[in-house]
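Letter by letter, the chains look like this.
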Amino acid sequence: MLALLLAIFSSASIALLFKITENGHHNRYIVTSANYFAAFVVSLWLYIDPIKAMQAGTLNAQDVPFLPLMRLGIPAGVFFFLSFIFYQVSVKENGASLSAMFGKLGILVPMIISIVIWHEMPTSIQLFGMLLAFSSIIIINFNPSAQKSLMNRGVKISLILLFITGGLAEFSNKLFQKLSLPDEKNLFLFFVFFTAFICSLLFAITKKKNGSRHYFSDIGLGLLVGIPNLLSSFFLISALNVYPAALVFPLYSSGSIVLVMILSFILFKERLSKRALVGIGLTLLALVFIA
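In this text the structure is predicted, and so the values were computed from the model without any measurement. (Residues numbered from 1 in each chain as written. Predicted model: local features only at pLDDT ≥ 70, side-chain atom pairs only at ≥ 80, totals over all residues. Heavy atoms only, no water.)

Caption draft 1: Molecular detail of the overall build of the protein chain. Looking only at helices and strands, the protein chain has 13 helices and zero strands in total. Along the protein chain, from the amino end to the carboxyl end, the secondary structure elements read α-α-α-α-α-α-α-α-α-α-α-α-α. The buried share among the 291 residues of the protein chain stands at 48%. Long-range contacts, defined here as pairs at least 24 residues apart, represent 89% of the contacts in the protein chain between residues at least 6 apart. (Helix = DSSP H or I, 4+ residues; strand = E, 2+ residues; numbered from the N terminus. Buried < 20%, exposed > 50% of the residue type's maximum accessible area, 1.4 Å probe, protein only. Contact = heavy atoms within 4.5 Å.)

See below:
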């Protein structure tokens, strides 16, 4: 449970860092590139010990499946980057509320696949906790006007792509957990975030017209965000070693939202709506049932 709580805290830290600097007129493409840069550099640094062990002859390089990890990490990095792009597009087309809900509900992808392929069925009590966590996601992000607009206009392709790419990005963590050894986690994350960095950098270069005069602050924010971004995946994989995906993903998603709201109330004196309070209560209950 500690790993899951640390994953939730790391994920919430990302949102809080953006909230602290939300009035800074940052270039999101530069911030994103710097974020992925920090994440892959730190993951490589964490892998230095195995590299030293190979140099000392205590670990055989042939025992490390570099090629399989590349084949798994590179597509994962692409999905991580694409989910960011489709989120930005969806916010413009559908608003922040619907985009946030579809992005969070993307966890259905790894949950369903894990149940179908690996038969990771929660107990009846844990299933109830999972449903509570899902309910909190929907309640917190529910916007009547946005839902009515969605019913009138239909689901746009950007929402579907956000749902799929976000879900596949999260599923890559589960796939690694099932196919690899825990000791290879840092190398896998290096391939993920290095790939996302290359994609983001190329995309940022094509968006020069949206540049910012505050390059150093943009880069600094991105570097700060990169650490919790890496740690959220790091601890999420650890949590998946203990609990089934059907429990981890909804609690990870709803828990991150709730923690951001609680800390925003404490740090920024933001008012909590009735829906937010209901969502917090449901998530805390979900945590009790799942644990």
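And the narrative resumes.
Caption draft 2: Representation of the side chain of Ser-83. Relative to the helices and strands, Ser-83 is located in helix α4 (residues 66-94). By relative accessible area, Ser-83 is classed as buried at 15%. Engagement of the side chain of Ser-83 in a polar contact is seen with the backbone oxygen of Phe-80, the distance being 2.7 Å. (Polar contact = N/O pair within 3.5 Å; in protein donor to acceptor, adjacent residues only side chain to side chain.)

Caption draft 3: Local environment of the side chain of Ser-90. Within the fold, Ser-90 resides in helix α4. Once you skip the residues sitting within four places of it in the chain, Ser-90 turns out to touch Gly-95, Ser-99, Ser-158, Leu-159 and Leu-162.

Caption draft 4: Helix α1 (residues 2-20), seen in detail. Compared with the 27 Å implied by 1.5 Å per residue over 19 residues, the 26 Å span of α1 between its first and last C-alpha is a close match. The elements touched by buried residues of α1 are α11 (215-240) and α12 (245-268). (Expected span 1.5 Å × (residues − 1).)

Caption draft 5: Main features of the environment of Asn-94. In this fold, Asn-94 is placed in helix α4. Sequence spacing of Asn-94 and Ser-158 is 64 residues, and the spatial spacing of their C-alpha atoms is 8.5 Å.

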